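Chain by chain, the residues:
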Amino acid sequence: MPLSRRNTRMKTRAFALLLFAMMVAGFASIGTAEDTLTIAIYQEPENLNTYIGVQTVITYVHRPFAEYLIDVNEKGEYYPVLVKEVPTVENGGVSEDGLTITYHLKEGVKWSDGEPFTSADVKFTWEAVMNEKNMVKSRSGYDLIESIETPDEHTAIVKYKEYYAPYLTRFAPVLPEHVLGDLPDINDAPYNRMPVGTGPFMVTEWVSGDHITMEKNPYYRNADQVKIDKIFFKITPSREVGIAQLKAGDVDVVWDLIETQIPEMEKDPDIDLYLANSLTSERLILNHSTPEPPHNGDPDYPHPILADLKVRKAIQYAIDKQLIVEKLLYGKAEVGTSEIPAGWAHNPDLEPSEYDLEKAKQLLEEAGWKVGEDGIREKDGVRMRLKITTTTGNKLREQVEQVLLSMLKKAGIELYIENVPSSVLFGSWANDADRKKGRYDIMMYTTGPGIDPQQQYEGYFHSKNIPTEENGGSGYNYTRHRDAELDNYLEIAGSAPSMEKRAEAYRKAQERVAEILPHIYLYRRLSINGIRSHVKGWIPNGYGIIDSVATWNIGDWYLEK
Amino acid sequence: MQALPGGPLAAYENNPEIKAEDIERLRHELGLDRPLHIQYLRWLGNFLQGDWGYSYATKRPVLREIWDRLPNTIYLTGLSLIASLLIAIPVGIISATRQYSVFDHVVTTLTYVGRSMPIYYSGLLLIIVFSIWLRWFPSGGMNTLGQDFSLLDSLHHLFLPLLSLSTLIAAKYARFLRTSMLEVIHQDYVRTAAAKGLHEQIIIYKHAFRNASIPLVTIVAIDLPVLFAGALFTETIYSWPGMGRLFVNSSLRFDYPIVMGIVTAIAFLVVICNLLADMIYAMLDPRITYS
């Protein structure tokens with residue numbers, strides 16, 4: 001059939017032509033005069049309202065437009081953003097009893113729609129968080145506010161019913177009253193996708209599943225100093241795709257990489273790494289109560305192995321943390337020492353624990369654990385066999401587990417691995433999660449305090465926060481330790497209006513935790529971004545009011561030509 | 001989904017800022033504290049009144065979320081369907097009329113490979129070859145960011161996802177059409193037509209193909225859910241902002257209202273397409289009438 005053959009040939013030719021046309025179109029992308037920055041994010045934000053959403057990516061994407069009253073710089077110091085100065089007892093911004101906080105707002109600040117920013121917006125933020133109809137994720141702190149007085153446009157006086165220690169971290173960010181004030185609720189407000197902020201950029205477009213566009217905010221008070229004209233947050237299906245596009249030069253920044261991706265990026269001379277030691281640490285959480293039903297999680301029934309302090313100390317001595325950091329984290333991370341690894345409440349006198357196998361063995365002997373036939377210790381017929389649990393699907397954690405397994409074996413402790421999906425590990429009391437109910441020996445995961453450690457520290461270490469039936473399983477004292485001295489420090493830290501006194505109490509609390517070892521800190525987690533080397537002006541910052549994110553100072557970024 | 005561990009509020013559990021009472025409150029506000037059958041009946045009741053509910057995650061109306069993505073999915077799957085038919089029909093006919101020729105053997109092998117290769121594998125292969133090694137095509141997205149919309153740019157982005165989705169179904173249809181053509185070609189009426197001295201082209205395209213295509217229409221109509229399932233992978237691999245990706249993301253975060261909404265929307269589409277298929281039967285075969 002000659003006819004049909006010619007047909008096919010013609011089709012092939014047409015197809016080749018089409019292909020060629022497409023390629024040409026692809027190559028002919030013309031450079032624009034504007035300075036644009038493309039950032040790959042592998043999650044799409046649920047919305048851009050941090051009062052409603054919990055994802056870290058929301059914080060990452062909202063920093064270019066949202067501003068807080070007070071922020072934290074790369075040294076962990078509070079600095080004023082929308083206020084003239086950080087209120088303290090000394091400058092009269094905080095009353096002696098710590099119940100009244102006076103904010104003096106900067107003058108001449110405007111929202112990105114041109115409306116003035118005033119004390120009414122601060123008051124409205126509190127009202128919006130407390131509004132019954134709004135499905136906010138948390139009302140912590142705001143529920144302790146009695147009233148907010150606004151004597152003039154630039155003064156907001158916040159009166160608390162009872163002392164709330166992390167008061168500096170509230171009003172982050174401030175919500176615009178003129179945009180949201182007339183709505184019955186803010187749950188589905190247009191603001192959540194097309195927000196109005198006071199920061200250097202403003203959201204101009206959001207194409208679902210594809211990208212979010214931001215442009216320079218003309219009403220920003222330092223708009224003339226902002227160098228970047230346009231930012232695209234491009235939503236990619238995974239980190240790996242983001243890395244491929246970074247290497248190809250299609251994107252300039254990739255958000256939230258993991259430690260194992262460091263060597264691959266370091267090889268590329270066109271890529272710089274944003275590495276910030278964050279406040280979160282990977283740690284071992286050691287159960288002090290029995291994991292066996294029916295008394296699982298009851299601190300009155302001690303753990304047959306781990307309740308003994310000597311055993312916990314021996315475990316810490318048997319772990320070579322430095323080796324883990326060097327071999328598995330490419331020497332980029334810091335060894336963990338305490339819950340508050342940096343910042344104003346950090347205890348700089350705490351040294352990283354030493355690796356001393358002999359001491360570990362000696363402590364175990366003292367505790368009555370004798371080496372059995374196969375090298376694993378025993379005591380009164382109990383074998384020194386412990387389960388270690390972490391989240392599935394995390395290569396680094398699985399490697400660390402293997403290393404811990406062999407390190408502890410040298411001391412005569414047998415570990416066995418049983419990992420579960422994160423939704424199971426971090427489940428709720430109602431879901432009967434093992435963590436909440438105390439059915440585990442050792443858990444390994446990452447958590448850490450915010451710039452104000454109170455909620456985290458009290459939640460994890462105060463004896464009143466052991467999850468029980470009576471308190472509905474709230475609290476994070478999963479180790480079920482009870483220590484009056486530690487409780488005392490935490491109560492002082494949570495009630496003293498003076499930051500000095502609070503810092504002192506936290507330092508003592510950190511020492512106490514290092515003595516009684518409910519947690520063994522392995523290493524500090526890194527916050528990692530891959531950035532193409534023509535992007536300048538970024539400063540690694542491990543601190544953050546909500547989350548530590550690279551975009552915290554994006555108004556200062558620029559492109560080197 | 002309800003049987004799986006975790007739940008819509010699992011992400012809230014590990015945040016020290018969020019207290020247990022906050023989680024309780026949100027659970028109540030989302031209606032998750034009610035028994036399962038009540039939750040379903042409430043959903044059904046609202047649905048019948050045209051209210052598809054609100055996404056747990058974004059708090060936006062489900063219809064709005066789906067409406068944002070549906071056109072992109074229809075665009076991709078629709079064009080894939082057309083492209084695959086354009087490939088499958090000539091290939092199927094030629095390999096049937098020249099059974100056991102070299103062309104037929106090559107096609108049979110290729111379609112076999114195409115049928116067997118899952119999209120998440122072939123898609124990644126295409127990305128590696130065409131986007132990373134050769135840099136001919138972008139690895140994802142629908143348009144180049146920061147540029148005004150242009151048809152060429154759009155086609156440029158469409159090419160790879162279209163290729164991987166359409167080869168999969170084209171391979172299937174080509175094989176199907178080949179079999180059904182072979183069956184028809186050997187029937188008496190075709191031989192009669194040939195005996196009458198009709199031109200071979202006319203016999204094949206007018207007489208044989210028309211009859212052989214009826215089962216193909218059935219297959220295409222039945223296959224639509226498969227096509228959407230394929231789109232699920234394709235969209236995820238090529239960062240295509242469609243319903244498939246929305247479905248994957250929503251499932252991962254237990255966003256029940258969105259998942260229910262998408263399943264319902266696909267059910268509607270399948271019904272509509274089956275109806276269309278029935279209408280096409282009548283056009284192809286005058287013996288089929290509906291009264």
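The rules we used
Residues numbered from 1 in each chain as written. Chains lettered and ligands numbered in written order. Predicted model: local features only at pLDDT ≥ 70, side-chain atom pairs only at ≥ 80, totals over all residues. Heavy atoms only, no water. Helix = DSSP H or I, 4+ residues; strand = E, 2+ residues; numbered from the N terminus. Rg over C-alpha atoms; globule rule 2.2 N^0.38 Å. Buried < 20%, exposed > 50% of the residue type's maximum accessible area, 1.4 Å probe, protein only. Areas by Shrake-Rupley, 256 points an atom, 1.4 Å probe, with all protein chains shown as cover. Contact = heavy atoms within 4.5 Å. Buried area = accessible area lost by both parts, 1.4 Å probe. Salt bridge = Lys/Arg side-chain N within 4 Å of Asp/Glu carboxyl O. Patch = residues over 30% accessible without salt bridge, like charges linked within 9 Å, V, L, I, M, F, W, Y side chains within 5 Å. Lys, Arg positive; Asp, Glu negative; His and termini not counted. Charge placed at Lys NZ, Arg CZ, Asp CG, Glu CD. Phe/Tyr/Trp six-rings, centres within 6.5 Å; stacked < 30°, edge-to-face > 60°. Pairing = 2+ DSSP bridges. UniProt positions renumbered as here; feature names shortened; annotations may be inferred. Axes fitted to C-alpha atoms, helices over the stretch in contact; angles between N-to-C directions. Parallel < 35°, antiparallel > 145°, perpendicular 65-115°, else oblique. Left-handed = near helix turned anticlockwise from the far one by under 90°. Nonpolar A, V, L, I, M, F, W, Y, C, P; charged D, E, K, R; others polar. Arc of directions from axis to C-beta. Polar contact = N/O pair within 3.5 Å; in protein donor to acceptor, adjacent residues only side chain to side chain. Core = buried A, V, L, I, M, F, W, Y, C linked by side-chain atoms within 4.5 Å.

Caption draft 1: Representation of the overall build of chain A in the model. Helices and strands together make up the secondary structure of chain A, namely 15 helices and 20 strands. For 561 residues, the compact-globule estimate of 2.2 N^0.38 gives 24 Å, and the C-alpha radius of gyration of chain A, at 27 Å, lies within 12% of that figure. By residue count, 57% of the 561 residues in chain A fall in the buried class. Of the roughly 22400 Å² of accessible surface on chain A, a fraction of 49% belongs to carbon and sulfur atoms.

Caption draft 2: Spatial organisation of the interface of chain B and chain A. Listed per partner, the contact involves 54 residues of chain B and 64 residues of chain A. Taking both partners together, chain B and chain A bury about 5100 Å²; carbon and sulfur atoms supply 55% of that area. Counting the contacts that link chain B with chain A gives 2 salt bridges. Among the salt bridges present, the one from B:Arg253 reaches A:Glu46, with a minimum N-O distance of 4.0 Å. If you list the elements that add at least two residues to the side of chain B that touches chain A, you get α1 (20–29), α3 (62–97), α6 (151–185) and α8 (200–237) of chain B.

Caption draft 3: The arrangement of a negative patch on the surface in detail. Residue and element names in this part refer to chain A. Together, Glu90, Glu96, Asp97 and Glu500 make up a region of like negative charge exposed at the surface. Examined against the element boundaries, Glu500 turns out to sit in helix α15 (residues 499–516). Under the relative-accessibility criterion, Glu500 is labelled exposed at 61%.

Caption draft 4: Structural context of the packing of aromatic side chains. Tallied over the entire structure, the rule returns 26 aromatic pairs over all chains. Ring geometry for A:Tyr42 against A:Trp255: centres 4.8 Å apart, planes inclined by 25°, an arrangement best described as stacked. Pair noted here: A:Tyr42 is in the loop between β1 (36–41) and α2 (56–62) and A:Trp255 is in strand β10 (residues 253–257), with a separation of 213 residues, a long-range link. Here the two residues A:Tyr42 and A:Trp255 agree in accessibility, since each one is buried. Ring geometry for B:Tyr40 versus B:Trp43: centroids 6.1 Å apart, planes at 25°, classification stacked. Here B:Trp43 and B:Tyr40 lie together in helix α2 (residues 36–48), a separation of 3 residues that amounts to about one turn.

Caption draft 5: Fine view of the pattern of salt bridges. Residues and elements named next belong to chain A. According to the stated counting rule, one finds 42 salt bridges over all chains in the structure shown. In this structure, the salt-bridge partner of Glu414 is Arg385, at a minimum N-O distance of 3.7 Å. Here Glu414, found in strand β16 (residues 414–417), pairs with Arg385, found in strand β15 (residues 385–389); they are 29 residues apart in sequence, far enough to count as distant. For Arg385, a relative accessible area of 39% corresponds to the partly exposed category. Here the salt bridges do not stand alone but share partners, grouping Glu259, Glu282, Arg397 and Arg525 into one network.

Caption draft 6: A look at the pairing of β1(A). All names here are of chain A. Within β1, 5 of the 6 residues are buried, which leaves the element mostly enclosed by the surrounding structure. Alignment of β1 against strand β9 (residues 230–235), held across 6 bridges, turns out to be parallel. Each bridged residue has a counterpart across the sheet, and for Ile41 the counterpart in β9 is Ile235. Bridging between β1 and β10 involves 2 bridges; their strand directions are parallel. Bridging from a neighbouring strand, Ile39 pairs with Val253 of β10.

Caption draft 7: Expanded view of the UniProt feature "domain: Solute-binding protein family" (unreviewed entry) in chain A. The UniProt feature table records "domain: Solute-binding protein family" (unreviewed entry) at residues 93–466 of chain A. Secondary structure content for residues 93–466 of chain A is 24% helix and 22% strand, and the end C-alpha separation is 36 Å.

Caption draft 8: Broad picture of the packing of helix α13 (residues 454–461) of chain A against helix α14 (residues 484–495) of chain A. Residues and elements named next belong to chain A. Between α13 and α14, the least distance of the axes is 10 Å, while the angle of their chain directions is 155°. Between α13 and α14, the angle falls in the class roughly antiparallel. Judged by the sense of rotation from one axis to the other, the crossing of α13 with α14 is left-handed. In contact with Gln454, Tyr457, Glu458 and Phe461 of α13, α14 contributes Leu486, Asp487, Leu490, Ala493 and Gly494. For the contact of α13 with α14, the residue count by class is 5 nonpolar, 2 polar and 2 charged.

Caption draft 9: Region of the structure containing helix α9 (residues 357–366) of chain A. Residues and elements named next belong to chain A. Along α9, the residues that are buried comprise Leu357, Ala360, Leu363 and Leu364. Around the axis of α9, the buried residues are gathered within 125° of arc, so they sit on the same side. Where α9 is buried, its residues touch α7 (309–318), β13 (377–379) and α10 (395–410). Its side-chain oxygen at 3.3 Å from the backbone nitrogen of Glu358, Asp356 defines the N-terminal cap of α9. Of the residues one or two after α9, Gly368 is the one with positive phi, at around 95°.

Caption draft 10: Geometry of the sheet that holds β13(A). Residues and elements named next belong to chain A. Strand order across the open sheet formed by 3 strands is β12-β13-β14, with antiparallel pairing between neighbours. Edge positions in the sheet fall to β12 (370–371) and β14 (382–383), since each has one partner strand and no second. Strand direction decides the pairing type here: β13 and β14, joined by 2 bridges, are antiparallel. Paired with Glu378 across the two strands is Arg383, which belongs to β14.

Caption draft 11: Region of interest: unusual backbone geometry. Omega for the peptide link from A:Ala172 to A:Pro173 comes to -5°, which places this bond in the cis form. The topology assignment puts A:Pro173 in the loop between β6 (155–160) and α4 (177–180). Here A:Pro293 and A:Pro294 are connected by a cis peptide whose omega angle stands at 5°. Summarising the element assignment, A:Pro294 is placed in the loop between β11 (271–286) and α7. Residue B:Ser239 is not a glycine yet carries a positive backbone phi of 40°. Note on placement: B:Ser239 falls in the loop between α8 and α9 (243–252).

Caption draft 12: Expanded view of the UniProt feature "transmembrane region" (unreviewed entry) in chain B. All names here are of chain B. Listed under "transmembrane region" (unreviewed entry) in the UniProt record, and renumbered for this structure, are residues 74–97, 118–136, 156–174, 216–238 and 258–277. Between the first and last C-alpha atoms of residues 118–136 the distance is 23 Å; the span itself is 79% helix and 0% strand. For residues 258–277, the end-to-end C-alpha separation is 28 Å, with 100% helix and 0% strand making up the annotated structure.

Caption draft 13: Just the sheet that holds strand β5 (residues 145–152) of chain A, in detail. Residue and element names in this part refer to chain A. With antiparallel pairing, 3 strands are arranged side by side in an open sheet as β4-β6-β5. Strand pairing shows two members of the sheet lacking a second neighbour, β4 (100–104) and β5, which therefore form its edges. Geometrically, the sheet is characterised by an average inter-axis angle of 15° between neighbouring strands, direction not taken into account. Strand direction decides the pairing type here: β5 and β6, joined by 5 bridges, are antiparallel. Of the residues in β6, the one forming a bridge with Ser147 is Lys159. Seen against the sheet, helix α3 (residues 119–130) touches β5 and β6 and runs at an angle of roughly 165° to β5.

Caption draft 14: Molecular detail of the nonpolar core. All names here are of chain A. Leu69, Tyr78, Tyr103 and Phe171 are the most contacted members of the largest nonpolar core, which has 75 residues in total. Looking at which element gives the most residues to this core, the answer is α15, with 6 residues. Grouped together as the second largest cluster of nonpolar side chains are 52 residues, Ile243, Ile271, Tyr317 and Ile376 included.

Caption draft 15: Representation of the environment of A:Glu458 within the structure. Residues and elements named next belong to chain A. Considering the arrangement of structural elements, one finds Glu458 in helix α13. Exposure remark for Glu458: the relative accessible area of 22% places this residue in the partly exposed category. Counting along the chain gives 28 residues from Glu458 to Leu486, while the straight-line C-alpha distance between them is 9.6 Å. For Glu458, the contacting residues outside a window of four places in its chain are Lys464, Asn465 and Leu490.

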